[in-house]
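Examining the three-dimensional arrangement
As a plain string of letters, each chain reads:
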Amino acid sequence: MVATDNLQKTPEEAKLNLAAYLKERQKLCNTALDQSIPVVYPEKIYESMRYSLLAGGKRIRPILCLAACEMMGGTIDMAMPTACALEMIHTMSLIHDDLPAMDNDDYRRGKLTNHKVYGENIAILAGDGLLALAFEFPATQTPANVPHERVLQVIARLGKALGAAGLVGGQVVDLDSEGKLDISLETLNFIHNHKTAALLEASVVCGGLLAGASSEDIQRLTRYAQSIGLAFQIIDDILDITATLEQLGKTAGKDLTAKKVTYPSLWGIEESRSKATQLVEAACAELAPFGEKALPLQAIAHYIVSRNH
Ligand SMILES: C=C(C)CCOP(=O)(O)OP(=O)(O)O
Ligand SMILES: [Mg+2]
Ligand SMILES: [Mg+2]
């Protein structure tokens, strides 16, 4: 074998097989998520919740949570219930985001959207059910070797990331901005930082909290996550232009149809991509003091800009 194997690879990827790492973590998360919702009476609601929760997806948020917990000296078991909660919250936000009253989308994760299969009423309730479980699950399932006050911090953190000061607030400004062509960069950053980055930040920070990380380390994790959070949404907006329905598992070109101002609409694709790359470099630099232990989080940061779906 010639030594060209590592060409095109980031320094982290050269030392860590990221594709295998992500696949293994996705499998662990999928098993835990599958077990988190048994189907009982009234079956329809559990089936609807499971339909969207188990429909695939990259599982980026739970994987970030597990990786941050491990980097800070914790274990996968300590973080798995919270990792599942993050995916439940994310899935709820997708089900509601796709409703006719919001983005009115027919496809998600390569399948018909929840309301297309179960009707709007059940889709709304499936989101509510997932959201409630997202708080019950870490509160009741986190193993006893994690001190209660850490779990309490996690619950508070999830609520903050998701509420009006986070994801919900971002979605409100996103909806308000549709069709307006004079949206400022400040408003655009507000949308991205709230609707997308807040939950990604909570994913990383909750992993650190569960492992008992110091407040200084939590601040470092926060800065890493804020940078990858903004980069994630810039890439999402680029993919909306460049990728296909088959790649994305959701309708492409929606931002243009909905007349949404995005990074690529303001600055073009290349400059937006270079901004996202700079953010990822900054994110990786934040984790330099953690040395080799930071490799997974650094590789995930690069994956966020290089992904094609
Ligand atoms: C927050 C945004 C931009 C919605 C899509 O999130 P993902 O791209 O993580 O979707 P899945 O892989 O989980 O389906
Ligand atoms: Mg939306
Ligand atoms: Mg949408």
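Since this is a predicted model, take the numbers as computed values, not measurements. (Residues numbered from 1 in each chain as written. Chains lettered and ligands numbered in written order. Predicted model: local features only at pLDDT ≥ 70, side-chain atom pairs only at ≥ 80, totals over all residues. Heavy atoms only, no water.)

1. Focus: the confidence of the model for the protein
The condition is simple: For every residue, the pLDDT score states the predictor's confidence, bounded by 0 at the bottom and 100 at the top. Here, two residues are considered to be in contact whenever any of their heavy atoms come within 4.5 Å of each other.
Predicted confidence across the protein gives a mean pLDDT of 95, with 96% of residues reaching 70 or more. Below a pLDDT of 50 lies the segment residues 1-6, which in the model reaches 1 contact outside its immediate sequence neighbourhood of four places, other chains included. Our summary of model confidence lists the complex with pTM equal to 0.95 and ipTM equal to 0.94.

2. Quick look at the coordination of the magnesium ion (ligand 2)
Convention followed: Metal donors were taken as nitrogen, oxygen and sulfur atoms no farther than 2.8 Å from the ion, or 3.2 Å where the ion is Na, K or Ca. Water is excluded, so coordination may look unfinished.
Binding of the magnesium ion (ligand 2) to the protein goes through D97 (OD) and D103 (OD), at separations of 2.2 to 2.3 Å. The two metals, the magnesium ion (ligand 2) and the magnesium ion (ligand 3), are separated by 3.2 Å and share D97 as a common coordinating residue.

3. Side note on the layout of surface pockets
Test applied: Cavities and pockets are found on a 1 Å grid laid over the protein atoms alone: a cavity is a set of points where a 1.4 Å probe fits but cannot escape, a pocket is an open set with protein on both sides within 12 Å along at least five of seven lines, and a lining residue has an atom within 4 Å of such a point. Grid points are joined across faces, edges and corners, and a volume is the space filled by probe spheres set on the points. Only DSSP runs of H or I covering at least 4 residues are called helices, and only runs of E covering at least 2 are called strands; the numbering of each starts at the N terminus. The nonpolar class holds Ala, Val, Leu, Ile, Met, Phe, Trp, Tyr, Cys and Pro. Asp, Glu, Lys and Arg form the charged class, and all remaining residues, Gly among them, are polar.
Its volume calculated, the largest pocket comes out at about 880 Å³. Every residue lining the largest pocket is counted, 41 residues in all, and those nearest its centre are L94, D97, R108, D236 and K250. Elements represented by at least two residues in the lining of the largest pocket include exactly helix 4 (60-71), helix 5 (76-97), helix 9 (167-177), helix 10 (185-210), helix 11 (215-242) and helix 13 (254-257). Looking at the lining of the largest pocket element by element, the count peaks at 6 residues for helix 11. Looking at the lining of the largest pocket, its residues break down into 10 nonpolar, 11 polar and 20 charged.

4. As for the packing of helix 5 against helix 7 (residues 120-141)
Cut-off, in case you're wondering: Between N-to-C directions, angles span 0 to 180 degrees; the directions come from axes that are lines fitted to C-alpha atoms, helices contributing only their stretch in contact. Any angle from 65 to 115 degrees is called roughly perpendicular, while one under 35 is roughly parallel, one over 145 is roughly antiparallel, and all others are oblique. For a crossing to be left-handed, the near helix must be turned anticlockwise from the far one by less than a right angle; the clockwise case is right-handed.
Interhelical geometry of helix 5 versus helix 7 gives an angle of 165° and a closest axis separation of 8 Å. Comparing the axis directions of helix 5 and helix 7 gives the class roughly antiparallel. In this structure, helix 5 meets helix 7 at a crossing whose hand is left-handed. In contact with P81, T82, C84, A85, M88, I89, T91, M92, I95 and H96 of helix 5, helix 7 contributes A123, I124, A126, G127, D128, L130, L131, L133, A134, F137, P138 and Q141. Taken together, the residues of the contact of helix 5 with helix 7 sort by class into 16 nonpolar, 5 polar and 1 charged.

5. A word on the site of ligand 1
Keep this limit in mind: Being near a molecule or strand, for a residue, means having at least one of its heavy atoms within 4 Å of it. Polar contact is the term for a pair of N or O atoms within 3.5 Å; when the atoms are in protein, one must be able to donate a hydrogen and the other to accept it, and sequence-neighboring residues count only if both atoms are side-chain atoms. Areas reported here follow the Shrake-Rupley algorithm with a probe of radius 1.4 Å; residue values treat only the protein chains shown as occluding.
Close contacts around ligand 1 come from G57, K58, R61, H90, L94, R109, T196, F232, Q233, D236 and R307, and that covers them all. Take R109: an N or O atom from its side chain is 2.7 Å from an oxygen atom of ligand 1. Starting from 400 Å² of accessible surface for ligand 1 in isolation, the protein chains cover 87%. Counting residues per element, the ones that place at least two in the shell around ligand 1 are helix 5 and helix 11. When residues of the shell around ligand 1 are assigned to their parent elements, the largest contribution, 3 residues, is made by helix 11. Classifying every residue of the shell around ligand 1 gives 2 nonpolar, 4 polar and 5 charged.

6. Description of the state of the cysteines
Here a disulfide denotes a covalent bond joining the sulfur atom of one cysteine to the sulfur atom of another. Defined as follows: Pairs of cysteine sulfur atoms within 2.5 Å are identified as disulfides in what follows. Residue exposure (1.4 Å probe, protein chains only): buried if accessible area is under 20% of the type maximum, exposed if over 50%, otherwise partly exposed.
Under the criterion given, the structure shown has 0 disulfides. Here C84 is not disulfide-linked; the sulfur of C29 is the nearest cysteine sulfur, at 6.6 Å. Residue classification places C84 among the buried residues on the basis of a relative accessible area of 2%. The cysteine C284 is free of any disulfide, with C65 supplying the nearest cysteine sulfur at 19 Å. Take C284: its relative accessible area is 7%, and that puts it in the buried class.

7. Regarding the packing of aromatic side chains
Using the following cut-off: To pair, rings of Phe, Tyr and Trp, with the six-membered ring standing in for Trp, must have centres within 6.5 Å; the planes then decide the type, stacked if under 30 degrees apart, edge-to-face if over 60, and tilted in the middle. Note on criteria: charge over ring means Lys NZ or Arg CZ within 6 Å of the ring centre, with the direction from the centre no more than 35 degrees off the ring normal.
This model, assessed by the stated rule, comprises 2 aromatic pairs. The interplanar angle of 70° and the centroid separation of 5.6 Å between the aromatic rings of Y51 and Y118 together place this pair among those described as edge-to-face. Linking Y51 in helix 3 (residues 43-53) with Y118 in helix 6 (residues 114-118), this pair joins segments that are 67 residues apart in sequence. Taking relative accessible area as the criterion, Y51 reaches 16% and is therefore assigned buried. Using a relative accessible area of 24% as the deciding quantity, one classes Y118 as partly exposed. Aromatic side chains Y263 and W267 sit 5.4 Å apart centroid to centroid with 75° between the ring planes, which places their arrangement in the edge-to-face category. In this pair, Y263 and W267 both sit in helix 14 (residues 263-267), 4 residues apart, roughly one turn of the helix. Residue class for Y263 comes out buried when judged on its relative accessible area of 1%. Its relative accessible area of 36% is what places W267 among the partly exposed residues. Lying across the ring of F232, R307 places its NZ or CZ 4.0 Å from the centre.

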